[in-house]
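Structural features, examined
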Amino acid sequence: MSTTSTTAPSRTSRTSRPRRRLARFGSTGFIAALPFLAPALVAYLVFVVAPALESVRLSFFEWSGFQGAPQVFVGLQNYVRIFTHDPVFWTALSNTVIWVILSLVIPVGLGLVMALALNRKIFGRNLFRSVFYIPGVLAPIAIANMWRWMYNPNYGIGVNLAQLFNLPWLADVQWLGDKNLALYSIFAAFVWQIAGTNMVLFLAGLQGVSPDHVEAAKLDGANRWQVFRNVVMPSLRPTTVVVVVLTIINSIKVFDLIVGMTGGGPAQQTQVLALWSFQQSFNNHEYGSGNAIATVLLVITLIIVVPYMVWTAKQEKNS
Amino acid sequence: MRAVPKIIAVGLGLALVAGVSGCSGGGSTDGKTEITWFKLTESADSANTTINEIVADFEKANPDITVKVEGRAVDAHKDALRTTLGTSGSPDIFFSWAGPGLGGEFIDAGASLDLEKYYDEYGWADRFSDTTMSTVTQYGGHDGVPYTQRTEAVFYNKELFAQAGIDAAPTNYDDLVSDAKKLKSAGITPFEFGGTVNWHVMRLLDSLLETKCGADTYQALVTKKASWADESCVADTYSEFATWTSDYVNPGFISINNDESGALFFSGKAAMALEGDWFNQQVRDAGMAEDSVGIFAFPTGTDRIYGFNENNYISANSKHPDEAAKFLDYLTSAEAQKKFIATFGSRSVNVDVVPADQNAFDAEWNPIVAASTGVYMNNDQNLSQSETTEYWRIQNLVATGELEPSKAGAEFQKFIDQE
């Protein structure tokens, strides 16, 4: 009897757990929301998840990309190839990492500084906001063309500045032809393009900073830096998460600017993973290698973005 | 009332089916057979007009056949072929470069119909030269019908040559180097190239390879029958290439494209350009005086001319191969080719068509072509796409001083061996 009396509640507990979970699931309103979510969910599965899974699948095959051409299963061979034999992969990976780090520092920092400056009531504030934001709405390939002309070694801005200030060495700078300079020359165009967008996001976030909190901090004797550090920045945390995540994703998949300005050259020295994946697939007809690179890119993105989002969610919950 | 939505649904369904049917390539409409032709959009409007005229003439003579021409830019055309060949959306006829690195991949994929039957029926083998026929039979069957035969040589500015004290075009490689030195001493950029499009500078490297290695070794190298690491002429080639790119090519060439570098030639800032027969029209369009520009073959010393071929292929799964062959027969006929060569270049693939009323500038090609005994092809057509990408990477590493010329051949061979 005693045995029965001790085990019965346990069994009841095990069997009721799924019911409770189901009840909790229903109480969140998920089931009720499902019909409304379904169209977007289906579109997401068809246009995002399925192609991503197909890309991962193709990374284990050798395929020229031609319809009807056989897809030959090669296991991990494409991964071995890109990690050990591919003369461009490590350059592309290194450039991608440099690009991500610089993107998190320069355009994000610049966007925040511009937002703080233009959050004050100054003359021409709306004009400046518009001027700084405009590059963000231009097509990247148009920006690439514009900056390529500016960097032109025969009639670009360097040549004109050299004549204006009598600095002949400036005319000899190969902005896009010097392997040590080319990546950073393209990055300058990226900063010009993206900093204004970051500024707008930070400006939106700044509207949520309570003036009462700022005033209270000032009354408590906080200086400008302390107000920024302890009042403004914590209020900007949700915006910062969005900006950082978008910046990481945008910088990892950077493509158009490099295609338009150097095509990955000179000698693949400005190559990045997203572009190399594309060129391996569509130019070199190496769909297996191209998709293996795309899969590596996906894994890198998830490794960086997911822990950051989990961490910030915990921070948000704790605060 | 319930019937109304059903009627609408059935109507929409039929419209959809009709629409989808209309999307498929080729077909029969109004008792006519429609054939589709995927081709490049020509850069000169006059050339597109000529194609339309030829198609109209064909349709007039063959009222039961219509030709639907779909023109695209180079990369879009390659994408279209890659995604449609072998499917129900493939065209009846498709244009492609004939070299193994480009057209060869489509043929390997089984996308081309063997045209031996039509070569017999129309007697095409007699219509084309042995050189152009070799591009048709190089894969073992009869793939494609010759469309153009492009030749490339050095265009030079006679006035700039005269300013540098040069009174004649060079006839051997040493003279070419000597002339480049004279031009540089006179403050003139000897050669213009645009490096961001790798194939432009590649022309210089290819021509130096032919010069230093000779015809037999060149062919052995590009067909991988000889090792790029072992042939000493490869190191000599890259060494010469490094000298040219550092001393005699426009500074900063690596960061501009061929259009930007071409402007240097048109504006009289560079003395030479390594271009093809399409460049005659560009010289005219740029407003240069035709008599101020001369043409000479790159003096490789092998008597082979630099160039490549373009063919039109019939899809393996075309439902109208007879009609397609009939159109290609007309396209390469003497009647159509007379119109064709007036805007497409100075030479026809049809051996019976001799340019009439050719001006002196276009006629400069005649002795160059007549003196050649063969063709050395652009290496982006000889090599596979991935090999070409590596060939360009190494070319640019040498050009920018990042790789010693003596190590370039071994670097390329390593890539070939690891494929």
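Residues numbered from 1 in each chain as written. Chains lettered and ligands numbered in written order. Predicted model: local features only at pLDDT ≥ 70, side-chain atom pairs only at ≥ 80, totals over all residues. Heavy atoms only, no water.

Observations regarding a negative patch on the surface
Residue and element names in this part refer to chain B. Side chains of D114, E116, D120 and E121 sit close together on the surface and give a patch of like negative charge. With respect to the helices and strands, the residue E116 is situated in helix 5 (residues 116-122). Given a relative accessible area of 41%, E116 falls into the partly exposed group. (Patch = residues over 30% accessible without salt bridge, like charges linked within 9 Å, V, L, I, M, F, W, Y side chains within 5 Å. Areas by Shrake-Rupley, 256 points an atom, 1.4 Å probe, with all protein chains shown as cover. Salt bridge = Lys/Arg side-chain N within 4 Å of Asp/Glu carboxyl O. Lys, Arg positive; Asp, Glu negative; His and termini not counted. Charge placed at Lys NZ, Arg CZ, Asp CG, Glu CD. Helix = DSSP H or I, 4+ residues; strand = E, 2+ residues; numbered from the N terminus. Buried < 20%, exposed > 50% of the residue type's maximum accessible area, 1.4 Å probe, protein only.)

Considering the interface of chain A and chain B
With 28 residues of chain A in contact, the opposing surface of chain B contributes 28 residues. When the buried area of chain A at its contact with chain B is split by residue, A:F66, A:Q67 and A:A267 rank highest and sum to 22% of it. Linking chain A with chain B are 2 salt bridges. Notably, a salt bridge pairs A:K179 with B:E402, separated by 3.3 Å at the nearest N-O pair. One can count 5 residue pairs in polar contact (both at pLDDT 80 or more) joining chain A with chain B. (Contact = heavy atoms within 4.5 Å. Buried area = accessible area lost by both parts, 1.4 Å probe. Polar contact = N/O pair within 3.5 Å; in protein donor to acceptor, adjacent residues only side chain to side chain.)

Some words on the domain arrangement of chain A
Taken domain by domain, chain A comprises domain 1 (1-51) and domain 2 (59-318). The C-alpha centroid of domain 2 of chain A is placed 40 Å from the C-alpha centroid of domain 1 of chain A. (Domains from an automatic or database assignment.)

Examining the side chain of B:T302
All names here are of chain B. Relative to the helices and strands, T302 resides in the loop between strand 8 (293-296) and strand 9 (304-314). In this structure T302 comes out as buried when scored by relative accessible area, which is 18%. Here the side chain of T302 touches E210 through a polar contact of 2.6 Å, side chain to side chain. The residues contacting T302, other than those within four sequence positions of it, are E210, G214, A215 and T373.

Considering the pairing of strand 5 (residues 145-157) of chain B
All names here are of chain B. Among the 13 residues of strand 5, 13 are classified as buried, and the element is accordingly described as predominantly covered. In the sheet, strand 5 pairs with strand 9 via 7 bridges, with the strands oriented antiparallel. Within strand 9, the residue paired with T151 across the bridge is G307. In the sheet, strand 5 pairs with strand 7 (residues 270-276) via 5 bridges, with the strands oriented antiparallel. Within the sheet, the bridge partner assigned to Y156 lies in strand 7 and is M272. (Pairing = 2+ DSSP bridges.)

Quick notes on unusual backbone geometry
Residue and element names in this part refer to chain A. Residue P266 follows G265 across a cis peptide bond; omega there is 0 degrees. Within the secondary structure, P266 is located in the loop between helix 13 (256-261) and helix 14 (273-283). The backbone phi angle of N166 is positive, close to 55 degrees, even though this residue is not glycine. With respect to the element layout, N166 can be found in the loop between helix 7 (157-165) and helix 8 (168-171). Given a relative accessible area of 63%, N166 falls into the exposed group. Residue A267 is not a glycine yet carries a positive backbone phi of 55 degrees. Following the sequence through the fold, A267 ends up in the loop between helix 13 and helix 14.

A closer look at the packing of aromatic side chains
All names here are of chain B. This model, assessed by the stated rule, comprises 48 aromatic pairs over all chains. On the numbers, 6.3 Å between centres and 75 degrees between planes, the contact of F155 with F361 is edge-to-face. In this pair, F155 sits in strand 5 while F361 sits in helix 15 (residues 360-363), placing the two residues 206 residues apart along the sequence. Accessibility expressed as a relative area gives 0% for F155, which makes it buried. Looking at F361, the relative accessible area reads 3%, which means it is buried. A centroid spacing of 6.1 Å and a plane angle of 45 degrees characterise the contact between W278 and F308, whose relative ring orientation is tilted. In this pair, W278 is assigned in the loop between strand 7 and helix 12 (279-285) and F308 in strand 9, connecting sequence segments 30 residues apart. An aromatic cluster is defined as three or more aromatic residues linked by ring pairs; in this entry it consists of W37, F58, F95, W97, Y147, F327, Y330 and F340. (Phe/Tyr/Trp six-rings, centres within 6.5 Å; stacked < 30°, edge-to-face > 60°.)

Remarks on helix 10 (residues 211-219) of chain A
If you check the start of helix 10 of chain A, you find a side-chain oxygen 3.2 Å away from the backbone N of A:D212, and it comes from A:S210. Within two residues after helix 10 of chain A, A:G221 carries a phi angle of roughly 95 degrees, on the positive side.

A closer look at the pattern of salt bridges
All names here are of chain B. Enumeration according to the criterion identifies 21 salt bridges over all chains in this entry. Here R127 and D329 are joined by a salt bridge, their closest N and O atoms 3.0 Å apart. Taken together, the positions of R127 in the loop between helix 5 and helix 6 (130-137) and D329 in helix 13 (residues 321-331) put the pair 202 residues apart, joining distant regions of the chain. Here R127 matches D329 in class, with each residue buried. For the salt bridge of E404 with K407, the shortest nitrogen-to-oxygen distance reads 3.8 Å. On the basis of relative accessibility, which here comes to 45%, the residue E404 falls in the partly exposed class.

Re the confidence of the model for chain A
Residue and element names in this part refer to chain A. On average, residues of chain A score 87 in pLDDT, and 91% of them reach the 70 mark or higher. By mean pLDDT, helix 1 (residues 2-27) is the weakest element of chain A at 53, and strand 2 (residues 72-73) is the strongest at 96. Across residues 1-12 the pLDDT falls below 50, and counting only partners more than four positions away or on other chains, this stretch makes 0 contacts in the model. (pLDDT = per-residue confidence, 0-100.)

Thoughts on the domain arrangement of chain B
Residue and element names in this part refer to chain B. You can read the domains of chain B as domain 1 (25-149 + 308-360) and domain 2 (151-307 + 364-418). The straight-line distance from the C-alpha centre of domain 1 to that of domain 2 is 30 Å. Counting from both sides, the interface comprises 16 residues of domain 1 and, opposite them, 20 residues of domain 2. Summing both partners gives a buried area of about 1,500 Å² for domain 1 against domain 2, and 48% of it is carried by carbon and sulfur. If you look at where domain 1 meets domain 2, you find 0 salt bridges. Between domain 1 and domain 2 we count 3 residue pairs in polar contact (both at pLDDT 80 or more) in total. Looking at side-chain class alone, the side of domain 1 that touches domain 2 contains 6 nonpolar, 8 polar and 2 charged residues. (Nonpolar A, V, L, I, M, F, W, Y, C, P; charged D, E, K, R; others polar.)

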